[in-house]
Amino acid sequence: GALARSLRSYEGYWDRWAETWEFQALLKARWVAGDRRLGEQFEQAAAERVWHRPFGPEEVSAVRRMKARAEAVVERGGRGRRELKGGPGGIRDIEFAVQLLQLVHGQEDPELRERSTVAALTALAAGGYVDGDDAIALTRSYRFLRTVEHRLQLHEGEQTHTLPSDSNRRQHLARVPGYRAGP
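Computed from a predicted structure; not experimentally measured.

Colleague: How should I be thinking about the pattern of salt bridges in this particular structure?
Modeller: In a structure, side chains of opposite charge can pair up when their charged atoms sit close to one another. Taken as a whole, this structure holds 8 salt bridges when the rule is applied. Note that Arg36 is salt-bridged to Glu40, the shortest N-O span being 3.8 Å. Here Arg36 and its partner Glu40 are both found in helix H3 (residues 36–51), 4 residues apart, which amounts to about one turn of the helix. The class of Arg36 is partly exposed, set by a relative accessible area of 47%. Among the salt bridges present, the one from Glu95 reaches Arg146, with a minimum N-O distance of 2.7 Å. Remark: Arg146 occurs in helix H7 (residues 132–156) and Glu95 occurs in helix H5 (residues 91–105); sequence separation between them is 51 residues. Both residues of the pair, Glu95 and Arg146, count as buried. Bridged by salt links that share partners, the residues Asp15, Glu48 and Arg49 form one connected network.

As structure tokens, then:
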């Protein structure tokens, strides 16, 4: 395909061929560089496709299948519970749950149309879609996992989401945010 597309070309693609996971990714679409006006037009076009299209049981199943495929990749790689992002209870679990609720309810409730996972959790709690205590727990967990992920990447010097298997390296990683050995 083309290395760069026009806005009209993106719109045509979204209207004809885009898959559910692509709309899920567009939840976070935002202008960051280049022509601001074009970026804002892109954001608006993406938002129209995300929030003004049907999102029913078939789309919910598609999101669940994508999540299962991502988890299978982590398991096949032997990273399982050491994987901060894609492992059980990891970053992706929180993001997928939040995004799924946004896509299901965001068509009718514009307050849920947040790009940030934490802001979306706050909106979901305020709207009664998630229990307030659960939203607080998920937010704390999400922030903790992101902090560990960033510390791990700084220490390893590479884009990684897997906790070290070596106990000395794990202990070092735990000390960076202030955890010490002991009960």
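Colleague: Explain the confidence of the model for the protein here, please?
Modeller: Low pLDDT marks regions whose predicted coordinates should not be analysed in detail. Residues with a pLDDT of 70 or more make up 97% of the protein, whose mean pLDDT is 90. Here helix H8 (residues 167–175) stands out as the least confident element of the protein, with mean pLDDT 84; helix H6 (residues 117–126) is the most confident, with 98.

Colleague: For this particular structure, what's the right way to read the environment of Arg115?
Modeller: One can find Arg115 in the loop between H5 and H6. You can call Arg115 partly exposed: its relative accessible area is 36%. Sequence spacing of Arg115 and Ala29 is 86 residues, and the spatial spacing of their C-alpha atoms is 7.6 Å. If we skip the residues at most four places from it in the chain, Arg115 touches Leu27, Lys28, Ala29, Arg30 and Glu43. At 3.0 Å, the side chain of Arg115 forms a polar contact with the side chain of Glu43.

Colleague: Just checking my understanding: could you explain the packing of aromatic side chains for this structure?
Modeller: The description of two aromatic rings rests on the distance between their centres and on the angle between their planes. Enumeration according to the criterion identifies 5 aromatic pairs in this entry. Note on Trp14 and Phe42: the rings are 5.3 Å apart at their centroids and 70° apart in plane angle, and the pair reads as edge-to-face. Taken together, the residues span a long stretch of sequence, with Trp14 in helix H1 (residues 7–16) and Phe42 in helix H3 at a distance of 28 residues. On the basis of relative accessibility, which here comes to 7%, the residue Trp14 falls in the buried class. Considering the side-chain rings of Phe144 and Tyr179, the 6.3 Å spacing of their centres and the 90° angle between planes classify their relative orientation as edge-to-face. One end of the pair, Phe144, is in helix H7; the other, Tyr179, is in the segment after H8, with 35 residues separating them in the sequence. Owing to a relative accessible area of 41%, Phe144 belongs among the partly exposed residues under this scheme. Following the ring pairs from residue to residue traces out a cluster consisting of Tyr10, Trp14 and Phe42. The residue whose ring lies beneath Arg53 is Phe23, and the NZ or CZ to ring-centre distance is 3.8 Å.

Criteria and cut-off values
- Along every chain, residues carry numbers that run from 1 in the direction the sequence is written.
- Thresholds applied to this predicted model are a pLDDT of at least 70 for local features of residues and 80 or more for the giving and counting of side-chain atom pairs; totals over whole chains, interfaces and linings are not thresholded and use all residues.
- Working from all heavy atoms in the structure, the side-chain values ignore hydrogens and water.
- Here, a salt bridge means any side-chain nitrogen of Lys or Arg that lies within 4 Å of a carboxyl oxygen of Asp or Glu.
- Numbered from the N terminus, helices here are DSSP runs of H or I no shorter than four residues, and strands are runs of E no shorter than two.
- The classification of residues rests on relative accessible area computed with a 1.4 Å probe and restricted to protein chains. Under 20% of the type maximum is buried, over 50% is exposed, and intermediate values are partly exposed.
- The predictor attaches a confidence to each residue, and that confidence, scored 0 to 100, is pLDDT.
- Residues are treated as being in contact if the distance between any of their heavy atoms lies within 4.5 Å.
- Polar contact is the term for a pair of N or O atoms within 3.5 Å; when the atoms are in protein, one must be able to donate a hydrogen and the other to accept it, and sequence-neighboring residues count only if both atoms are side-chain atoms.
- A pair of Phe, Tyr and Trp rings is counted when the ring centres sit within 6.5 Å of each other, with Trp represented by its six-membered ring. The angle between the planes then sorts it: under 30 degrees is stacked, over 60 is edge-to-face, the rest tilted.
- We call a charge positioned over a ring when the NZ of a Lys or the CZ of an Arg lies within 6 Å of the ring centre and within 35 degrees of the ring normal.

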